[in-house]
Amino acid sequence: MPHRDVVLLLGAPGAGKGTQARFLAGALGVPHVASGDLLREHRRLATPLGQVARAYMDRGDLVPDSLVIDMVVERLDHPDADRGVLLDGFPRTRAQAEALEQRLQTIGTNVRAALYLDVPQAILIDRLADYWMCPGCQATYHARFARPQLEGTCDACGVTLFQRADDQREVVENRVAVYLRDTLPVVEYYGQLRKLCRVDGDQDIHVVRAELCVGLGGVMAGQRRARWHLFITYAGAPGGAIGRTLCGKLVPDDGERRFGTLSAFNGAPCRACRHKLHPHRNRSLERTTG
Ligand code: ADP
Ligand code: ADP
Ligand code: ZN
């Protein structure tokens, strides 16, 4: 049985899980599995699970634990999850967390890290509320982050924008409250297991990204040059390596490693690691993919 690298991404709706998940999954070299995406796929295919889940999702309630647990456990059996997985949106209740722990034990592994994006409630609500959508081309706009050129009108189609029910401020407030009620116990649970890494999610996207890397592995001195790398531990690293850096160098298990801080990295970063953190300079591009 190969050892799997199971990493969790926890956080309220709007905390930035989706924004960070693709980068993290790429850094770890494992698939990104989002329970919300799996449920939406079941709905689209109208499977028995999708048909049951629909009513819960439309009310903004959580889908019952037993259904979600079976769905995620089944996904973990796919061959692409052999070396591990980045789980996003699961576990969302303490019962789901306990079921995951049990399941991983039976296959001889466990959760390596639970990364928690911590964002104050008022900021979550600001991020999620005030979205507007174009009925023609489905483009989304935000009252502050991505304003249309002419208020209330789609830049591309010129038609009047509307607001989806679940983007309205009161509904968003309720979703966040429900999430915090059910999921803070999950955060506490991984704290007790000493797996929790809390990252302040109310910072620039690239700063959050760097801190998540530090939570995964740390900052490591280069071997020849006085530059620092972000170290990503990776259970699937071949040939006795204990992992690799963000820039892709394998790190042998030779006990000669020197670790530093994020400010050491920021002072003299490996260029390739830095490039992976900042693949493109245009931040407005990332803000529109929400
Ligand atoms: P989640 O998947 O946790 O619900 P998203 O990744 O979809 O959250 O992000 C929700 C919204 O917040 C998006 O509009 C996204 O662009 C924005 N966002 C994400 N991270 C940050 C950040 N660090 N600073 C400001 N806005 C952010
Ligand atoms: P959000 O962006 O609000 O965090 P998701 O895309 O993660 O939403 O999930 C959408 C909906 O799918 C949730 O409102 C909930 O009904 C259901 N869902 C997703 N993950 C879970 C889970 N782990 N347990 C129960 N229900 C879930
Ligand atoms: Zn590097």
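Presented here is an overview of the structure given in this document.

Cut-offs applied
Residues numbered from 1 in each chain as written. Chains lettered and ligands numbered in written order. Predicted model: local features only at pLDDT ≥ 70, side-chain atom pairs only at ≥ 80, totals over all residues. Heavy atoms only, no water. Donors = N, O, S within 2.8 Å, 3.2 Å for Na, K, Ca; no water. Tetrahedral: all angles 85-135°; square planar, octahedral: opposite > 155°, others 65-115°. Helix = DSSP H or I, 4+ residues; strand = E, 2+ residues; numbered from the N terminus. Core = buried A, V, L, I, M, F, W, Y, C linked by side-chain atoms within 4.5 Å. Buried < 20%, exposed > 50% of the residue type's maximum accessible area, 1.4 Å probe, protein only. Pairing = 2+ DSSP bridges. Contact = heavy atoms within 4.5 Å. Axes fitted to C-alpha atoms, helices over the stretch in contact; angles between N-to-C directions. Phe/Tyr/Trp six-rings, centres within 6.5 Å; stacked < 30°, edge-to-face > 60°. Near = heavy atom within 4 Å. Polar contact = N/O pair within 3.5 Å; in protein donor to acceptor, adjacent residues only side chain to side chain. Areas by Shrake-Rupley, 256 points an atom, 1.4 Å probe, with all protein chains shown as cover. Nonpolar A, V, L, I, M, F, W, Y, C, P; charged D, E, K, R; others polar. Salt bridge = Lys/Arg side-chain N within 4 Å of Asp/Glu carboxyl O.

Overview of the coordination of the zinc ion (ligand 3)
Each donor-metal-donor angle would ideally measure 109.5 degrees in four-coordinate tetrahedral geometry, or 90 or 180 degrees in six-coordinate octahedral geometry.
Next up, step 1: Donor atoms from the polypeptide that bind the zinc ion (ligand 3) are His-229 (ND1), Cys-247 (SG), Cys-270 (SG) and Cys-273 (SG), placed at 2.0 to 2.3 Å.
Next up, step 2: Coordination at the zinc ion (ligand 3) comes from four donor atoms whose angles at the metal span 100 to 116°, giving a geometry best classed as tetrahedral.
Next up, step 3: The sequence motif formed by the donor residues of the zinc ion (ligand 3) is H-x17-C-x22-C-x2-C. Within this pair, whereas Cys-247 is found in the loop between β10 (241-245) and β11 (250-252), its partner Cys-273 is found in helix α10 (residues 271-277), the two being separated by 26 residues in sequence.

Topic: the nonpolar core
Next up, step 1: Counting residues in each nonpolar core, the largest one holds 45 residues, and the members touching the most others are Leu-24, Leu-86, Leu-115, Leu-246, Phe-265 and Leu-277.
Next up, step 2: Counting residues in each nonpolar core, the second largest holds 30 residues, with Ala-53, Val-68, Leu-87 and Leu-104 among its members.

A look at the sheet that holds β11
Next up, step 1: Spatially, the five strands line up as an open sheet ordered β11-β10-β9-β8-β12, and their pairing is antiparallel. Two strands close off the open sheet at either side, each with one partner strand: β11 and β12 (259-260).
Next up, step 2: Looking at chain direction, strand β8 (residues 218-221) and strand β9 (residues 228-233) are connected through four bridges and run antiparallel. Of the residues in β9, the one forming a bridge with Val-219 is Leu-230.
Next up, step 3: Across the face of the sheet, helix α8 (residues 205-216) comes into contact with β8 and β9 while running at roughly 60° to β9.

Here we look at the environment of Phe-259
Next up, step 1: With respect to the secondary-structure elements, Phe-259 resides in strand β12.
Next up, step 2: On the accessibility criterion, Phe-259 (44% relative accessible area) is partly exposed.
Next up, step 3: Distance from Phe-259 to Val-219, taken between C-alpha atoms, is 5.5 Å for residues 40 residues apart in sequence.
Next up, step 4: Those residues in contact with Phe-259 that lie beyond four places of it in its chain are Gly-217, Val-219, Met-220, Trp-228 and Phe-231.

Notes on the packing of aromatic side chains
Next up, step 1: Summed over all chains, the structure comprises two aromatic pairs.
Next up, step 2: Pairing Tyr-189 with Tyr-190 gives two aromatic rings, centres 5.1 Å apart and planes at 80°, and the pair type is edge-to-face.
Next up, step 3: When its relative accessible area of 10% is taken as the criterion, Tyr-189 is described as buried.
Next up, step 4: Tyr-190 gets classed as buried once you look at its relative accessible area, which sits at 0%.

A closer look at the site of ligand 2
Next up, step 1: In the vicinity of ligand 2 lie 15 residues, with Ser-35, Asp-61, Gly-89, Gln-96 and Arg-175 positioned nearest.
Next up, step 2: Between ligand 2 and the protein, one listed contact pairs a nitrogen atom with a side-chain N or O atom of Ser-35 at 2.8 Å.
Next up, step 3: Arg-92 is positioned such that a nitrogen or oxygen atom in its side chain is 3.1 Å from an oxygen atom of ligand 2.
Next up, step 4: In the complex, 84% of the free accessible area of ligand 2, which totals 550 Å², lies under the protein chains.
Next up, step 5: Counting residues per element, the shell around ligand 2 draws most heavily on helix α2 (residues 35-45), at four residues.

Notes on the site of ligand 1
Next up, step 1: Surrounding ligand 1, one finds 14 residues, the nearest of these being Gly-14, Lys-17, Thr-19, Tyr-131 and Gln-203.
Next up, step 2: In this structure, Ala-15 approaches ligand 1 through a main-chain N or O atom, which is 3.4 Å from an oxygen atom.
Next up, step 3: Thr-19 is positioned such that a nitrogen or oxygen atom in its side chain is 2.6 Å from an oxygen atom of ligand 1.
Next up, step 4: Calculation on ligand 1 without its partners gives an accessible area of 560 Å², and the protein chains cover 84% of this total.
Next up, step 5: By residue number, the principal contributor to the shell around ligand 1 is helix α1 (residues 17-28), which donates three residues.
Next up, step 6: Partitioning the shell around ligand 1 into residue classes produces five nonpolar, six polar and three charged.

Thoughts on the pattern of salt bridges
Next up, step 1: Scanning all chains against the criterion turns up 10 salt bridges.
Next up, step 2: Here Arg-94 ties to Glu-98 by a salt bridge, and the two come within 2.9 Å at their closest N and O atoms. You can see Arg-94 and its partner Glu-98 sitting in helix α5 (residues 94-106), four residues apart, about one turn around the helix.
Next up, step 3: With a closest N to O distance of 3.0 Å, Arg-198 and Asp-118 form a salt bridge. Of this pair, Arg-198 sits in strand β7 (residues 196-200) while Asp-118 sits in strand β4 (residues 111-118), placing them 80 residues apart in sequence.
Next up, step 4: With relative accessibility at 52%, the residue Arg-198 sits in the exposed group.
Next up, step 5: Asp-118 gets classed as partly exposed once you look at its relative accessible area, which sits at 26%.

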